[in-house]
Amino acid sequence: MDDFRPVDPERIRALVDELGASPLALTPILAPAELGRLSADFHDYSPVLEPLLKGRCAQVAVKVERLEQVMAVAGACARHRVPLTLRGAGTGNYGQCVPLAGGLVLDLSGLNRLRSVDPVSGIVEAEPGCTLAHLDGQLALHGRALRLAPSTYRSATLGGFFAGGSGGLGSLRWGFLRDPGHLLGLEVVTLEAEPRLLRLDAAASAPLNHAYGTNGIITALRLASTEAVAWQQLVVGFSRWEAALEASRELPTTALLLNALCLLEAPVADRMPWPVGCPAAGPGEHRLLLHAAPDTLELLPGWLAARGGQLRWQGPRPEAGRARGLPLGELTWNHTTLHWRAQAPDWTYLQLLLPRPEAPLLEAVRQRWGSDVLWHLEAVRYQGAPRLTALPLVRWQGPQALADLVAQCRELGAVPFNPHVITVEDGGLGVVDADQVAAKAAYDPAGLMNPGKLRGWAG
Ligand SMILES: Cc1cc2nc3c(=O)[nH]c(=O)nc-3n(C[C@H](O)[C@H](O)[C@H](O)COP(=O)(O)OP(=O)(O)OC[C@H]3O[C@@H](n4cnc5c(N)ncnc54)[C@H](O)[C@@H]3O)c2cc1C
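So, on to the pairing of strand β18 (residues 376-382). Counting buried residues in β18 gives five out of seven residues, a clear majority hidden from the surface. As judged from the six bridges shared by β18 and strand β19 (residues 385-390), these two strands associate in the antiparallel manner. The residue bridging R381 from the neighbouring strand is P386, located in β19.

For the ligand, the set of nearby residues contains 36 residues, the closest of which are L86, G88, T91, T157 and G167. One nitrogen or oxygen atom from the main chain of G88 is found 2.7 Å from an oxygen atom belonging to the ligand. The separation between an oxygen atom of the ligand and a polar side-chain atom of T152 is 2.9 Å. Here the ligand, which alone exposes 980 Å², has 97% of that area covered by the protein.

Another aspect to go through is the nonpolar core. L251, L288, L290, L300, L304, W375 and L377 are the most contacted members of the largest nonpolar core, which has 40 residues in total. Not counting chain neighbours up to four residues away, the residues in contact with L290 comprise Q232, Q233, L234, V236, L251, L258, A260, L261, L300, L304 and L328. C130, L132, L135 and F162 belong to the second largest nonpolar core, which has 28 residues in total.

Right, let's talk about the state of the cysteines for a bit. In the structure shown here, the tally under the stated rule is zero disulfides. Unpaired in this structure, C409 has its nearest cysteine sulfur neighbour in C262, at a distance of 18 Å. The class of C409 is buried, set by a relative accessible area of 1%.

This part is about unusual backbone geometry. A cis geometry characterises the amide bond from R356 onward to P357, with omega recorded as -5 degrees. One can find P357 in the loop between β16 (352-353) and α13 (359-369). Of note, the phi angle at R81 is positive, near 55 degrees, even though the residue is not glycine. With respect to the helices, strands and loops of the structure, R81 is situated in the loop between α4 (67-80) and β2 (84-87). Of note, Y212 is a non-glycine position whose phi angle comes to about 55 degrees, a positive value. Looking at the element boundaries, Y212 is found in the loop between α8 (202-205) and β9 (217-223). Taking relative accessible area as the criterion, Y212 reaches 5% and is therefore assigned buried.

A few words on the side chain of T214. Tracing the backbone shows T214 in the loop between α8 and β9. With residues near it in sequence (within four places) discarded, T214 still touches K440, D444, M449, N450, K453 and L454.

Once that is clear, we can look at the sheet that holds strand β3 (residues 104-107). Reading across the sheet, the three strands line up as β1-β3-β2 and stay open at both edges, with parallel pairing between neighbours. Pairing within the sheet leaves two strands with one partner each, and these edge strands are β1 (60-63) and β2. Each strand of the sheet is rotated relative to its neighbour by a mean of 20 degrees, with strand direction disregarded. When β2 meets β3, the two strands line up parallel, connected through four bridges. What sits directly across from L86, in β3, is L106. Across the sheet, helix α1 (residues 9-20) lies against β1 and β3, angled at about 25 degrees from β1, the strand it touches most. Across the face of the sheet, α4 comes into contact with β1, β2 and β3 while running at roughly 170 degrees to β3.

This part takes up empty space enclosed by the protein. Empty space among the atoms can be located by rolling a probe the size of a water molecule over them. With the rule as written, the count across this model stands at five cavities of 30 Å³ or more. What the second largest cavity holds in volume is close to 90 Å³. Counting residues per element, the lining of the second largest cavity draws most heavily on helix α6 (residues 158-164), at three residues. Of the residues belonging to the lining of the second largest cavity, the class tally is nine nonpolar, one polar and one charged.

It is worth spelling out helix α5 (residues 132-140) at this point. For α5, every residue scored as buried is listed here: L132, A133, L135, D136, G137 and L139. Contacts from the buried residues of α5 go to β4 (114-117), β5 (124-126), β6 (144-145) and α6.

On to the sheet that holds strand β14 (residues 309-316), then. Taken in spatial order, the eight strands make up an open sheet running β14-β11-β13-β12-β18-β19-β16-β21, and their pairing is antiparallel. Where the open sheet ends on each side, the last strands, each with one partner, are β14 and β21 (415-416). Direction of pairing for strand β11 (residues 232-238) relative to strand β13 (residues 286-292): antiparallel, over a ladder of seven bridges. In the sheet register, L234 faces β13, and the bridge partner there is L290.

Before going further, it helps to examine the packing of aromatic side chains. In the structure shown here, the tally under the stated rule is four aromatic pairs. Measuring from ring centre to ring centre gives 6.3 Å for F42 and Y45, while their planes differ by 90 degrees; the resulting arrangement is edge-to-face. The class for Y45 is buried, based on a relative accessible area of 5%. Aromatic side chains Y45 and Y349 sit 5.9 Å apart centroid to centroid with 85 degrees between the ring planes, which places their arrangement in the edge-to-face category. With Y45 in the loop between α2 (32-38) and α3 (49-53) and Y349 in strand β15 (residues 347-349), the pair connects residues that are 304 residues apart, well separated along the chain. Both residues of the pair, Y45 and Y349, count as buried. Following the ring pairs from residue to residue traces out a cluster consisting of F42, Y45 and Y349. Sitting above the plane of the W274 ring, R287 keeps its charged end 4.5 Å from the centroid. Residue placement shows K440 over the ring face of W457; its charged tip is 5.5 Å from the ring centre.

About the thresholds
- Residues numbered from 1 in each chain as written.
- Predicted model: local features only at pLDDT ≥ 70, side-chain atom pairs only at ≥ 80, totals over all residues.
- Heavy atoms only, no water.
- Buried < 20%, exposed > 50% of the residue type's maximum accessible area, 1.4 Å probe, protein only.
- Helix = DSSP H or I, 4+ residues; strand = E, 2+ residues; numbered from the N terminus.
- Pairing = 2+ DSSP bridges.
- Near = heavy atom within 4 Å.
- Polar contact = N/O pair within 3.5 Å; in protein donor to acceptor, adjacent residues only side chain to side chain.
- Areas by Shrake-Rupley, 256 points an atom, 1.4 Å probe, with all protein chains shown as cover.
- Core = buried A, V, L, I, M, F, W, Y, C linked by side-chain atoms within 4.5 Å.
- Contact = heavy atoms within 4.5 Å.
- Disulfide = S-S within 2.5 Å.
- Axes fitted to C-alpha atoms, helices over the stretch in contact; angles between N-to-C directions.
- 1 Å grid on protein atoms, 1.4 Å probe; cavity = no way out; pocket = protein on both sides within 12 Å on 5 of 7 lines; lining within 4 Å.
- Points joined across faces, edges and corners; volume = space filled by probe spheres on them.
- Nonpolar A, V, L, I, M, F, W, Y, C, P; charged D, E, K, R; others polar.
- Phe/Tyr/Trp six-rings, centres within 6.5 Å; stacked < 30°, edge-to-face > 60°.
- Lys NZ or Arg CZ within 6 Å of the ring centre and 35° of its normal.

Any functional reading would require information that these geometric values do not contain.
Structural data, given as structure tokens:
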């Protein structure tokens, strides 16, 4: 981390002068408070990342709304050799948009036009700054919907989701963003003295998917959508954990159409806020949260009751983009962590793909860590098969205890996706992706984009 130092102020001044003189209405932001805000994300979920990223801040920021502005900023950064960090809504959890080496932060949230929706195929092309809820609302007008969305659906941007996220609501049906078939193409601006504007097909786009904005500025995305469904939100209570776990394993293997399934262990359910009209969880009540299609409702309550689950509340998912109050999706994925940490800031979390069967691992961890690890599970489709992932809440007891817990889970067959690291590779399977590195060499030859976040880049 000591290798990353802010840029010589002279170079920043020259860059600011050039941007300020541009006829494209580029306004360099230099106010420290605003720079601090535009350099921050949600990495404070991690007590490991927090000290590591403390004080890392952009030296200048620019907000853009048009493609030609992006190209002008890219060219200026390349000519002045100033690092560039891209930013959507800044909701990433791993410090993805915290600039390690100062430089310029480019806020793309204003580049947010929906360019087209193909009425036959449903293929959509949109600019990266669209918030997912807004985009979904536009798609609904065509009877279409996003396949995948993070629980930050209301605030996160499309570009930030593909560059920094992985999945979420919809992962039960559609797997993860990097699965072939979601991202069909990209428009990209290169970071060169004379920036190029490229249109990449699906294969050429793949290395930019989940690359933390290290290998090209995404200025438009083409993606597959799905049919719109009027998802119903269901909250189901279970008194026995084993029964709740069994229902969570079994439900995704039925023909009941679901878009999300989240299981919260009783102490976690006890501390969640609930949508208006939904009763708080009773003592010792584990809760299953579902997004289910309307045609499941005849069968589902009886199916759940036969397995010990009682329907506590049901309501339509708020219309895309018009959510008032608390949508159930905002109790799932990393929103569970958010709500828990609001009351227990000394806790953190992990991300694990659980082995099948899951119960032996869950039990072994409980035996060793007691109530210092609490279970939050999410159902997903992983490599085509239904699986359960976990985002356990973990009382922070120092880095060694966290490493011991990760090692135990790995030994018991889980695949950890470590949220306490800053590089693309370490947050995934730990392996360098040669295609991501090659894309960086081609589109960011001077290595100025989000320095320090792509471990495979040695240049
Ligand atoms: C409460 C909470 C819940 C969350 N739930 C989920 C979840 O369910 N699923 C999930 O996957 N994530 C989740 N996240 C993480 C995060 O919200 C998502 O990854 C989100 O999609 C990021 O979008 P953003 O617009 O905030 O991106 P940002 O945080 O602004 O950026 C993310 C990364 O993308 C890069 N980037 C942004 N725009 C571009 C561009 N145009 N071109 C190239 N690179 C770009 C940035 O440099 C950065 O590295 C959650 C986070 C929080 C705090």
